[in-house]
Every structure is written in structure tokens, then in C-alpha cells.
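Examination of the molecular architecture
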Amino acid sequence: MAKYVGKVWIVGDDVDTDLIIAARYLNDSSEDFLKEHCLEDVIPDFHNKIAKGDILVAGKNFGCGSSREHAPVAIKATGISCVVAESFARIFYRNAINIGLPIFTAPEAVKAISQGEEIVVDSEEGYVEQVKTGQKYEAEKFPSFIQEIIEAGNLLNYVQRRVQKND
Amino acid sequence: MTITEKILAAHCGLEEVKAGDLINARVDLVLSNDITGPVAIKEFRKLGVKKVFDRTKIAMLPDHFAPNKDIKSAQQCKELREFAKEQDLTHYYEVGKVGIEHCFLPEQGIVGPGELIIGADSHTCTYGALGAFSTGVGSTDVAAAMATGEIWLRVPSTIKVNIVGQPSNPWVSGKDVILALIGKIGVDGARYQSLEFVGEGLKHLSMDSRLTICNMAIEAGAKNGIIAVDEITKEYLKGRYHKPLIIYESDEDAVYDREIEIDLSTLKPQVAFPHAPSNTRDIDNVGEVVIDQVVIGSCTNGRIEDMRIAAQILKGKRVDPYLRLIVIPGTQDVYKQCIEEGILDIIIDAGGVVSPPTCGPCLGGYMGVLAKGERALSTTNRNFVGRMGHPESEVYLANPAIAAASAITGKISSPEEVE
């Protein structure tokens, strides 16, 4: 359970996984390499422009396209604390939860927020707040099963608690 | 229940499931490739589990950047190979035997009806054409499933796509059905949902066409695409799939979110303009679009029927002198069949080049990467910004007939223009 406070970086609708991390970089899955190319065709030099803890705010269908887990991994590696979107494509949604990149569906907030402003995302209370106005918007709650994965940190921690070691 | 709900229920030991339920389902096959596999292996190691849950139910196929395109890709393929050896995986296939995963697995009878297949590749939804539930997931999902044999899934609601009529245009195929549908509902029109294709029009769509349709369900945001088993499916499975057929049909009272109709009789070949598969136009409304490259292949259109259609149009013709035609048979069997039928001769005589099976250019890997400002017409599945190379290049999507005709004229063209 956490509160994220950060400066907003806005991207549009249907930002696909090729835009998040182009396939030409998928011959290397190391975080340091991936972060350098994260969103580079949308916001050149993204990883250097942002400060640790900044928040990515996107339109609808964020992360559509490929199943590459490299996409949420790259975003997390840049130092982005969480992603708020109008909606998420389904494989990206799974992947973000599975690797422990916090994501929030908050369509009303996305409409109101502008580039560069500061927002607060409260995962426990389930809201997004604009710091300058104090205006709050609802963020969708996760089903309890998914909440358990989130609380475990990532899918592997969650699975590890459940698997019988079969060696 | 719908077919999708029935398969999911059968795999989590429940009598009934409905849209929105969260389930832990048993998997019949867990797939990954040279891009997503190494990440899955790394995550699998973290679990501290020594052996995969069932060595006969894990498939690892080096197809994206293989034959190795560079040193880093070679490293990734090596990691896949070493893991496959260590775990003694039944379904690891080396370059020389392997094909593009979603062409190869159905062709070799490794996937079939009633099964639940997950793959760390978004186009895993292809196998729905065989009456299976199959869906794309991430590498961590694959790691967890390799250890436990299970996956968490939310049961999707279903959109019924009713296919009616008989094609009046001789060049219409599965690619046009799916592009037209995505054009109608958009790239998130079926987000988190299942696309179930039904209707009397299906009898005019071959197995290769159906595989193309389900392959691109993800391009509408769908979790899976699915088609009930019929005589065409059974004919395809004969001699390749050796397990008993598990056949489901949707109940009369199955619940659908909505219904959409596609009329084959009025359907024209479709072209998706940059930079979204939903940006479709009828071939008649394309206008003058000069192109630099044509790619015929991929998990979407790399099957034998696709090669035959291309050859039919290219026979005795020459490719535009300043255009590159790259043809990629999806598997070694398709490649051999092309040799036997004289298809490779036709392509080479026309001035095209033939590549071994690989995803290669579809995702801008290699074997046909675009320069700044270049345009390609491709039978692949995505035309996102920078998909096939430079961020300022463009990709147009179409069926193999349009692709072959366009290779001859050097601009996006209908086959009638080259007859």
C-alpha cells in the first residue's frame, strides 16, 4: 500500500509496446539498456528528462500490441513510480502487475491532468489528486486476488508462497 | 456457456464459469520464444524450482531473431537452447526444424481443440482457429506456469462475430475479414474480451484463413479469438493431431456482450494505413501509394495458401525494379512445399528474395528493415510507428494477393491491375 507523489508526464491514446520499447532493442533484456530507449520515439531522451518518482499519465489502451514484458520493465527502470491511464491493454496490465509496476485506471483524472503538474496517487484509498487544486478522482480498485499479487510485490513472490518445490 | 467459458471451466475443475470470474486454470502448453523465453527462464530460476511442471508441455521456439541476427540475439537463443537441453523439453526446435511459432505449432499438430494454451507472444491467440482457448501473456506468467502448470485468468465476456455471405471478390481472404472487423471496432474494440466467429460464411474460409483471423484478434485488444470445430477443422487436424478431439460448442443460451456482422459478399480486400491496424480502407479507396518494399510472410500470412496466392499473381511477372520483394515461408514444411510446387521458382524469377522462416522484418528485427521515409506493404499484423524500422518509415497491411500485385506495380494495387 503506497502513496505516490510526482510530476506528470503525459502520453496519448493507444501508446503501443513498440513505442514503449521498440523491438529493435529486444536482443537485450537488461534493465539499464531498456530504460535508455524507453518511450524514445514519443519523448526523446525520456529517461534523462524524468526525475525518479515521476508519474506517467496515458490515454486509452496503454501498452497495446506485443506481450513483451520488457515494456513495463523499461518504464519501471527509468524511475517512473506508477502509471495512471484511461485504460490499459490486457497483456500490459498483467505484465505490470506481475513485475510490480503500479498501475491505476482513472479515466476522469486523465482528462483533468496536464503535463508537468504534480499529482498524488493513493493506492489504498483508490484516488488520484491534483496537488494544486486538491481535486480528487477515483481510481479503479483491483479484484482482491490481483490485490494479493500486488501486495506480494510481484507474481513470483506470490507464486513462491504457493509452490511445492518439486526437486 | 460460450466455447471459451466451457474450455476455461474444464481447466479449473468447475461445472460453470462466467464472464468476470477470476480462475486459476491448468495449462496444456506453455510457449515462449527467443525474445520472451530468456526473461521467463531468468524469472523461473528465481522461483528456486529445479524442474518444469511437465517437460512435454513446454514449447520454446527460437523464431524472432533466429537464425541469429547479431551477437546479442545469439546469446538469447543460446539461453533458450541450454534451458531446453537441461529440462529435456519435448518441444524445442532448432533452426533448420523450427518455423514461425504460430505457423509451426498448428501445422505439426502440437496444439488442438479444447486445449488451453498460453504463450509469451501476443499472437498466441492464433490457435483459437482450431477451437482451442489460447492467449498471449508475459514472461513472468510463463515462468510461473512452467513451475506450477497453472495461470490466473479473468474469464472474458464474448463478442459474437457473425460471418455471413459468400465472397464475391476472388482475392478476399481471412486477412480482409479481420482487418475489416478491426476497422469497425477499433484497436481496443474487444479489449479483455473474446471474439467468437460464427456463421454460415465460415464454410468459405479455409483453415489458413481462419488462423489468420484468430491471429489478429489481439489487434482489436482481444484476449482470444475462437472458432468452433467443423468439417474444415477436422480435415486439417487429420494426420497431424493425434490426441482425441475435445470439441465444444456454445450453448443456445450463451451470453454475449454484443454481436457484429461481417458480410463476405460485399467485402473488398482491405488495406490498413499507418499507424494502426484499425485505419482500414477498401482497396478501391487507397489512391496512389508508392512503396519501397513488400513483405509476404509472418505468423499472420506465412502459410502455404498465402504462398500459393502470391505465386499465382507473380507468375511470369517482374517485380518493380526499385522495390524489394521479401517472401518468408512460415515453416520448413511450407518452404519445402513451395519448392515442390514451383512457387520459389516463380518468386525468384519475378525478382523476389526468399528468406528462411523467421519473424525478422515484421517487428523491425532484420531481413528487411526500413530506412527513414520508406514505405512497405506487408502481410504482417502491425503497422505501429517504427514497427519495421526507422520511426519515420511507414507500414501498410494487406493480404498476400494485394502484396504480390503491389510488388509488381511498385504502388499499392489490386491483382486486377496486373492481369
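Residues numbered from 1 in each chain as written. Chains lettered and ligands numbered in written order. Predicted model: local features only at pLDDT ≥ 70, side-chain atom pairs only at ≥ 80, totals over all residues. Heavy atoms only, no water.

Below, the discussion takes up the overall build of chain A. Of the regular secondary structure elements, chain A holds eight helices and seven strands. On C-alpha atoms alone, chain A measures out to a radius of gyration of 16 Å, which is about the 15 Å that the 2.2 N^0.38 rule sets for 167 residues. Each of the three principal axes of chain A carries a C-alpha extent, and together these read 55 × 35 × 25 Å. A buried classification covers 62% of the 167 residues belonging to chain A. (Helix = DSSP H or I, 4+ residues; strand = E, 2+ residues; numbered from the N terminus. Rg over C-alpha atoms; globule rule 2.2 N^0.38 Å. Buried < 20%, exposed > 50% of the residue type's maximum accessible area, 1.4 Å probe, protein only.)

Residues and elements named next belong to chain A. Taken in spatial order, the seven strands of this open sheet run β4-β3-β2-β1-β5-β6-β7, and their pairing is mixed. The strands lining the two open edges of the sheet, one partner per strand, are β4 (103-105) and β7 (136-138). Each adjacent strand pair in this sheet contributes to an overall mean axis angle of 30 degrees, direction not counted. Summarising the sheet, strand β6 (residues 127-130) and β7 pair through three bridges and their orientation is antiparallel. By the bridge assignment for β7, Val-128 is matched with Tyr-137. (Pairing = 2+ DSSP bridges. Axes fitted to C-alpha atoms, helices over the stretch in contact; angles between N-to-C directions.)

Looking now at the domain arrangement of chain B. Residues and elements named next belong to chain B. Partitioning chain B into domains gives domain 1 (3-263) and domain 2 (270-417). Between domain 1 and domain 2, the C-alpha centre-to-centre distance is 24 Å. Counting each side, the surface lost to burial between domain 1 and domain 2 is near 3,200 Å², with a carbon and sulfur contribution of 60%. Among the residues domain 1 hides against domain 2, the three largest losses belong to Ile-100, Trp-171 and Lys-175. Together they make up 23% of the total. In this structure, the salt-bridge partner of Arg-382 is Glu-219, at a minimum N-O distance of 2.5 Å. (Domains from an automatic or database assignment. Buried area = accessible area lost by both parts, 1.4 Å probe. Salt bridge = Lys/Arg side-chain N within 4 Å of Asp/Glu carboxyl O.)

This model, assessed by the stated rule, comprises 13 aromatic pairs over all chains. The interplanar angle of 55 degrees and the centroid separation of 6.1 Å between the aromatic rings of A:Tyr4 and A:Phe104 together place this pair among those described as tilted. Placement of A:Tyr4 in strand β1 (residues 3-10) and of A:Phe104 in strand β4 is noted, with a sequence separation of 100 residues between them. A:Phe104 sits in the buried class, given a relative accessible area of 6%. Directly above the aromatic system of B:Phe65 lies the positively charged group of B:Lys69, at a separation of 5.0 Å from the ring centroid. Positioned over the ring face of B:Phe273 is B:Arg281, at 3.8 Å from the centre of the ring. (Phe/Tyr/Trp six-rings, centres within 6.5 Å; stacked < 30°, edge-to-face > 60°. Lys NZ or Arg CZ within 6 Å of the ring centre and 35° of its normal.)

Turning our attention to the side chain of B:Glu219. Residues and elements named next belong to chain B. Relative to the assigned elements, Glu-219 resides in the loop between α7 (207-215) and β10 (224-227). In this structure Glu-219 comes out as buried when scored by relative accessible area, which is 3%. One polar contact links Glu-219 to His-123, side chain to side chain, over a distance of 2.8 Å. In this view, Glu-219 contacts His-123, Ile-182, Gly-186, Val-187, Pro-277, Asn-381 and Arg-382; residues no more than four positions away in its chain are not counted. (Polar contact = N/O pair within 3.5 Å; in protein donor to acceptor, adjacent residues only side chain to side chain. Contact = heavy atoms within 4.5 Å.)

Glancing now at the packing of helix α2 (residues 37-46) of chain B against helix α3 (residues 71-87) of chain B. Residues and elements named next belong to chain B. Where α2 contacts α3, the axes come no closer than 9 Å and their chain directions differ by 50 degrees. With respect to α3, the element α2 is oriented oblique. Handedness of the α2/α3 crossing: left-handed. Across from Gly-37, Pro-38, Ile-41, Phe-44 and Arg-45 in α2, the residues of α3 making contact are Gln-76, Glu-79, Leu-80, Phe-83, Glu-86 and Gln-87. Here the contact of α2 with α3 is built from residues that sort into five nonpolar, three polar and three charged. (Parallel < 35°, antiparallel > 145°, perpendicular 65-115°, else oblique. Left-handed = near helix turned anticlockwise from the far one by under 90°. Nonpolar A, V, L, I, M, F, W, Y, C, P; charged D, E, K, R; others polar.)

The biggest cluster of nonpolar side chains holds 90 residues, and the ones touching the most others in it are A:Leu56, A:Phe62, A:Ile75, A:Phe92 and B:Met146. Ranked by residues supplied to this core, first place goes to helix α5 (residues 139-148) of chain B with six residues. Of the domains in this structure, domain 1 (3-263) and domain 2 (270-417) of chain B are the two that each give at least three residues to this core. In contact with B:Met146, other than residues within four places in its own chain, are B:Val30, B:Ala40, B:Phe44, B:Val52, B:Phe53, B:Ile58, B:Met60 and B:Phe83. (Core = buried A, V, L, I, M, F, W, Y, C linked by side-chain atoms within 4.5 Å.)

A separate point is helix α12 (residues 343-350) of chain B. Since there are 3.6 residues in each turn of an α-helix, residues three or four apart along the chain are aligned in direction. All names here are of chain B. Taken as a whole, α12 has its buried residues at Ile-343, Leu-344, Ile-346, Ile-347 and Ala-350. Buried residues of α12 fall within an arc of 160 degrees about the axis and therefore sit on the same side. Away from its buried face, by an angle of more than 90 degrees, α12 presents the exposed residues Asp-345 and Asp-349. In this structure, the buried side of α12 is in contact with α10 (304-314), β15 (324-327), α11 (332-340) and β16 (353-354). (Arc of directions from axis to C-beta.)

This brings us to the interface of chain A and chain B. Opposite the 44 residues of chain A that make contact, chain B presents 57 residues. Interface area, chain A with chain B, both sides summed: about 4,100 Å², of which 56% is carbon and sulfur. For the interface between chain A and chain B, the tally reads four salt bridges. For B:Lys72, the salt bridge identified is with A:Asp28, shortest N-O distance 3.0 Å.

Turning our eyes to something else, we now look at a negative patch on the surface. Negative charge collects at one region of the surface, where A:Glu124, A:Glu125, A:Glu148 and A:Glu151 lie side by side. Its location among the elements puts A:Glu124 in the loop between β5 (118-122) and β6. (Patch = residues over 30% accessible without salt bridge, like charges linked within 9 Å, V, L, I, M, F, W, Y side chains within 5 Å. Areas by Shrake-Rupley, 256 points an atom, 1.4 Å probe, with all protein chains shown as cover. Lys, Arg positive; Asp, Glu negative; His and termini not counted. Charge placed at Lys NZ, Arg CZ, Asp CG, Glu CD.)

Okay, the pairing of β6(A) next. Residues and elements named next belong to chain A. Side-chain alternation along β6 places Tyr-127 and Glu-129 on one buried face and Val-128 and Gln-130 on a second face that is also buried. For β5 and β6, the ladder comprises four bridges, and the chain directions are antiparallel. Bridged to Val-121 within β6 is Val-128. In this structure, the hairpin formed by β5 and β6 is closed by a connection of four residues, where Gly-126 is found at a positive phi of approximately 75 degrees. Adjacent in sequence and paired antiparallel, β6 and β7 are bridged by five residues, among which Gly-134 carries a positive phi angle near 75 degrees.

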